[in-house]
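# Structural overview for review
Read off the chains here:
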Amino acid sequence: MPASRLPAMWQVCAKVLVVQYFRYFRDICSWKLLTLEEQSLGGEGHVVQIDESVVAKRKYNRGKRVKTTWVLGLIDVQTRDSVVVYVEKRDRCTLIPEIKRYVKPGTTNWTDGWKAYIGLNKEGYIHRTVNHSKNFKDPRTGVCTNLIEGHWNKLKRYCRTKNVMNSKFFFEYVDEFMWSEKFGRDAHCKFNNMILQIKEKYPC
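- Under an unreviewed UniProt entry, the name given to the protein is ISXO2-like transposase domain-containing protein, and the organism recorded is Megalurothrips usitatus.

## Re the packing of aromatic side chains
- As enumerated under the stated definition, the model contains 7 aromatic pairs in all.
- Note on Tyr24 and Tyr202: the rings are 6.4 Å apart at their centroids and 20° apart in plane angle, and the pair reads as stacked. Taken together, the residues Tyr24 in helix α1 (residues 8–35) and Tyr202 in the segment after α5 (187–201) connect sequence positions 178 residues apart.
- Among the residues examined, Tyr24 registers a relative accessible area of 29% and is labelled partly exposed.
- Taking 4.6 Å as the distance between ring centres and 75° as the angle between the ring planes, the aromatic pair formed by Tyr86 and Phe171 counts as edge-to-face. Of this pair, Tyr86 sits in strand β3 (residues 82–87) while Phe171 sits in helix α4 (residues 170–183), and the two are 85 residues apart along the sequence.

## A closer look at the packing of α4 against α5
- Where α4 contacts α5, the axes come no closer than 10 Å and their chain directions differ by 105°. By the angle class used here, α4 and α5 are roughly perpendicular. Of α5, the residues touching α4 (which contributes Trp179, Ser180 and Phe183) are Cys189, Lys190, Asn193, Met194 and Gln197.
- When grouped by side-chain class, the residues that make up the contact of α4 with α5 number 4 nonpolar, 3 polar and 1 charged.

## Topic: the packing of helix α3 (residues 146–161) against α4
- For the pair α3 and α4, interaxial distance at closest approach is 10 Å and the crossing angle is 125°. In terms of axis orientation, α3 runs oblique to α4. As α3 packs across α4, the resulting crossing turns out to be right-handed. Contact residues: α3 offers His151, Lys154, Leu155, Tyr158 and Cys159, while α4 offers Phe170, Tyr173, Val174, Glu176, Phe177 and Glu181.
- Taken together, the residues of the contact of α3 with α4 break down into 7 nonpolar, 1 polar and 3 charged.

## Considering helix α2 (residues 92–102)
- Considered for burial, the residues of α2 that qualify are Leu95, Ile96, Glu98, Ile99 and Tyr102. Each buried residue of α2 sits inside an arc of 165° when the element is viewed along its axis, so together they form one side.

Analysis parameters
Residues numbered from 1 in each chain as written. Predicted model: local features only at pLDDT ≥ 70, side-chain atom pairs only at ≥ 80, totals over all residues. Heavy atoms only, no water. Phe/Tyr/Trp six-rings, centres within 6.5 Å; stacked < 30°, edge-to-face > 60°. Helix = DSSP H or I, 4+ residues; strand = E, 2+ residues; numbered from the N terminus. Buried < 20%, exposed > 50% of the residue type's maximum accessible area, 1.4 Å probe, protein only. Axes fitted to C-alpha atoms, helices over the stretch in contact; angles between N-to-C directions. Parallel < 35°, antiparallel > 145°, perpendicular 65-115°, else oblique. Contact = heavy atoms within 4.5 Å. Nonpolar A, V, L, I, M, F, W, Y, C, P; charged D, E, K, R; others polar. Left-handed = near helix turned anticlockwise from the far one by under 90°. Arc of directions from axis to C-beta.

The following block contains the structure:
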């Protein structure tokens, strides 16, 4: 029987059930991301592009207060593996520990000239910068952050298509996006990896 001919109560129940199942799948995505090995990006001979971005501005108290949501993005140029981390601030004390958490020592890190990245070369990294007030790509060294900025555009476009940019479920969809980038490059991989990870989280 077509869904349009089902009794109204059944249609509501079916919709609620589908929403709950998708939230369950997103919970699996979030759980799996938390189990991933740290310092998984980069290494000697690798370049990791790093950039921070505003991904949402949420209104509270009937629109009188706006909370800005910052994220830090890191992407390995060679492998295309990436990490997106939520950060309360984008100062040095916040960003440097997160970079050290996910990026292996000896990696060449490319960033813009934001002051919070100053000192990365003292943390076991090779640090190169591009001055975005002059160039998107340094004409002399080739340093740029185009790849991670393209990643931001892809993430924001994904969240807009889901209409969750200002939703309380926003972070769930960011996790779903990150999971898809790593485990769901096509529908077949996405289905198989989801089944395997459900079994991993809830072994018989």
